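Observations on chain architecture
As a plain string of letters, each chain reads:
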Amino acid sequence: RSHDSQQLNVPAPDAARHIGAALNALKISRELAAEYAASIGDATVIDDDHHAIAADLQTQLRDIEQWAGTAAAFVRTIKNHTHGSDHGREGLFDVPKLLNDVQLLLAHRLRLSSCVLALDCPESLTLYGDAGKLGQVITNLVANAVDAYDETGDVGGEVRVRVSPDAEAVRLVVEDEGCGIAPDTLERIFDALFTTKPRGRGTGLGLSLCREIVEQDFGGT
C-alpha cells in the first residue's frame, strides 16, 4: 500500500504454511539421519563431520518443534473463536517474543514473495491477554501486506510492524507500500465474508476476525 497502514490501538490463517515449513524441515531431518547412518563405520568421516551433522539435525528439530507449536497455538485460537471465548489462556506475555514467533511463522511466505519483515518494538514490553489471538491478528495483517506486494508484482517489498506504548494503550501499526486499498473498498474491509482476492485465496474473514479480537479480547480499537 502506498504509505498505507493498518493501525490498531491495543490495551492465524497461516498455520497451514507453518505446518508446511515443519514438514519440509522433517524431510531435511530424514536426509540428515540417513547421511549420519551411512557415515557409521566410515573411516573417512571424522569427528568434526559427525558433530556438524548432529548440529544440523538439532537445528532442524528445534525449528520443527517451534513451528509446530506455533501452528498448534493458532489452530487452538481458531477453535476457541469458533466455540466461544476461552479465558483460560489469558495471562501476561512478552510482545517482542510474539513478534519473533510471527516472523518465524511467516518466514517461508516472506521468502517466496521476496519480502522483508522489519520489526520495531521496545525490548521489554508485556501485555495481558491471549498471546495466540494477538499473534493471529498480526499474522493476518502481515499476510495481507505481503499479498499487496504480490498483486503489484513488486519484489523485495518491506513490511513494517511498529509497536509503541504510551500511558493508556499500545499502538500496533502494520505498514506496507504495495497496491493500496481503493477508497470504495476501504469502508468494507471489516465486513465478514467481503474480499477482493480471487476465489480460493481469500475468505473475507481475516480482518473481521482481527477487529473482533482487538475489540472484544483486548478492549482496543
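A brief structural summary.

What counts, and at which threshold
Residues numbered from 1 in each chain as written. Predicted model: local features only at pLDDT ≥ 70, side-chain atom pairs only at ≥ 80, totals over all residues. Heavy atoms only, no water. Patch = residues over 30% accessible without salt bridge, like charges linked within 9 Å, V, L, I, M, F, W, Y side chains within 5 Å. Areas by Shrake-Rupley, 256 points an atom, 1.4 Å probe, with all protein chains shown as cover. Salt bridge = Lys/Arg side-chain N within 4 Å of Asp/Glu carboxyl O. Lys, Arg positive; Asp, Glu negative; His and termini not counted. Charge placed at Lys NZ, Arg CZ, Asp CG, Glu CD. Helix = DSSP H or I, 4+ residues; strand = E, 2+ residues; numbered from the N terminus. Buried < 20%, exposed > 50% of the residue type's maximum accessible area, 1.4 Å probe, protein only. Contact = heavy atoms within 4.5 Å.

**Some words on a negative patch on the surface**
Together, Glu35, Asp47, Asp48, Asp49 and Asp56 make up a negatively charged patch on the protein surface. Here the element with the most residues in the negative patch is helix H2 (residues 47-82); it accounts for four residues. Residue Asp49 is classed as partly exposed on the basis of its relative accessible area of 34%.

**Section: the pattern of salt bridges**
Under the definition given, this model contains nine salt bridges. In this structure, Asp217 engages Lys133 in a salt bridge whose closest nitrogen and oxygen atoms are separated by 3.0 Å. Taken as a pair, Asp217 in helix H7 (residues 206-218) and Lys133 in helix H5 (residues 131-152) lie far apart in primary sequence, 84 residues in all. Note on Asp217: relative accessible area 21%, which makes it partly exposed. Members of the salt-bridge network, linked through shared partners, are Glu158, Arg160, Arg162, Glu175 and Glu177.

**A look at unusual backbone geometry**
One non-glycine residue, Ser114, adopts positive backbone phi at about 55°. As for its placement among the helices and strands, Ser114 is situated in the loop between helix H4 (107-112) and strand E3 (116-120).

**So, the side chain of Asp130**
Mapped onto the fold, Asp130 is located in the loop between strand E4 (126-129) and H5. Residue classification places Asp130 among the buried residues on the basis of a relative accessible area of 5%. Those residues within four positions of Asp130 in sequence are excluded, and the remaining contacts are Arg89, Glu90, Phe93 and Phe218.

As far as function goes, none of this settles anything; it's purely spatial.
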